[in-house]
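Topology and contacts: notes
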Amino acid sequence: MEKMLRKLTLFVLLIGFVAVTAGCDSNDDDDASVVVGAWGLGGLSDASGDRTEGFSEGFNSVVITFNGDNTMSLAIDSKNDALDQNISGTYTTNESAESLSASLTVGGSSLPLTFTYEEVNSNSLRLTATGNTSVLLGSVFQTSLADPVVITVVRVN
């Protein structure tokens, strides 16, 4: 149970990271249209390779929703119902730097995450952790993630 909770927490941080990377700048409607909507985890990798399967084993679904008003939500449907979570926060993007910053409220504390993002296509974004986000994600999931940590999200609506 404790191991599952650790993985869930790491996944939440990971999703927060994605949220930060995919956020939108209220002054840039084109950038906002890229990230606004609901997104699911499509892939996760770090310097050791593809980590998607390991993180997916404990979850039915993880959906991040970016709203046009720079608010966001993260819905986690765990295979263990006691670990299901709905987390809210805010995000911003900087189109010229192709960066996303998110702030999620986890356990009563604000969790800041930063990413660079790349639009793979209209239905997929690639987020790369920046700063100490990889360390933060690794700490939350009780695992070691080695830079570069790359998260791929796919549009679900």
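Since the structure is predicted, the reported quantities are computational estimates derived from the model, not experimental observations.

**Side note on the pairing of strand β5 (residues 85–94)**
- Sheet topology places strand β4 (residues 71–78) next to β5; six bridges connect them, and they run antiparallel. Across the sheet, residue Leu 74 finds its bridge partner in β5, namely Ile 87.
- Connecting β4 to the next strand, β5, in antiparallel fashion are six residues.
- Relative to strand β6 (residues 99–106), β5 runs antiparallel, the two being bridged by six bridges. Residue pairing in the sheet places Thr 93 in a bridge with Leu 100 of β6.
- Hairpin connection from β5 to β6: four residues lie between these consecutive antiparallel strands, with Glu 98 at a positive phi of about 45 degrees.

**Section: the packing of aromatic side chains**
- Inspection of every chain in the model, using the stated rule, returns one aromatic pair.
- Plain terms: the ring middles of Phe 66 and Tyr 91 are 4.8 Å apart, the flat faces sit at 75 degrees to each other, and that makes the pair edge-to-face. Placement of Phe 66 in strand β3 (residues 59–66) and of Tyr 91 in strand β5 is noted, with a sequence separation of 25 residues between them.
- Of the residues examined, Phe 66 reaches a relative accessible area of 1% and is grouped as buried.
- On the basis of relative accessibility, which here comes to 1%, the residue Tyr 91 falls in the buried class.

Cut-offs applied
Residues numbered from 1 in each chain as written. Predicted model: local features only at pLDDT ≥ 70, side-chain atom pairs only at ≥ 80, totals over all residues. Heavy atoms only, no water. Pairing = 2+ DSSP bridges. Helix = DSSP H or I, 4+ residues; strand = E, 2+ residues; numbered from the N terminus. Phe/Tyr/Trp six-rings, centres within 6.5 Å; stacked < 30°, edge-to-face > 60°. Buried < 20%, exposed > 50% of the residue type's maximum accessible area, 1.4 Å probe, protein only.

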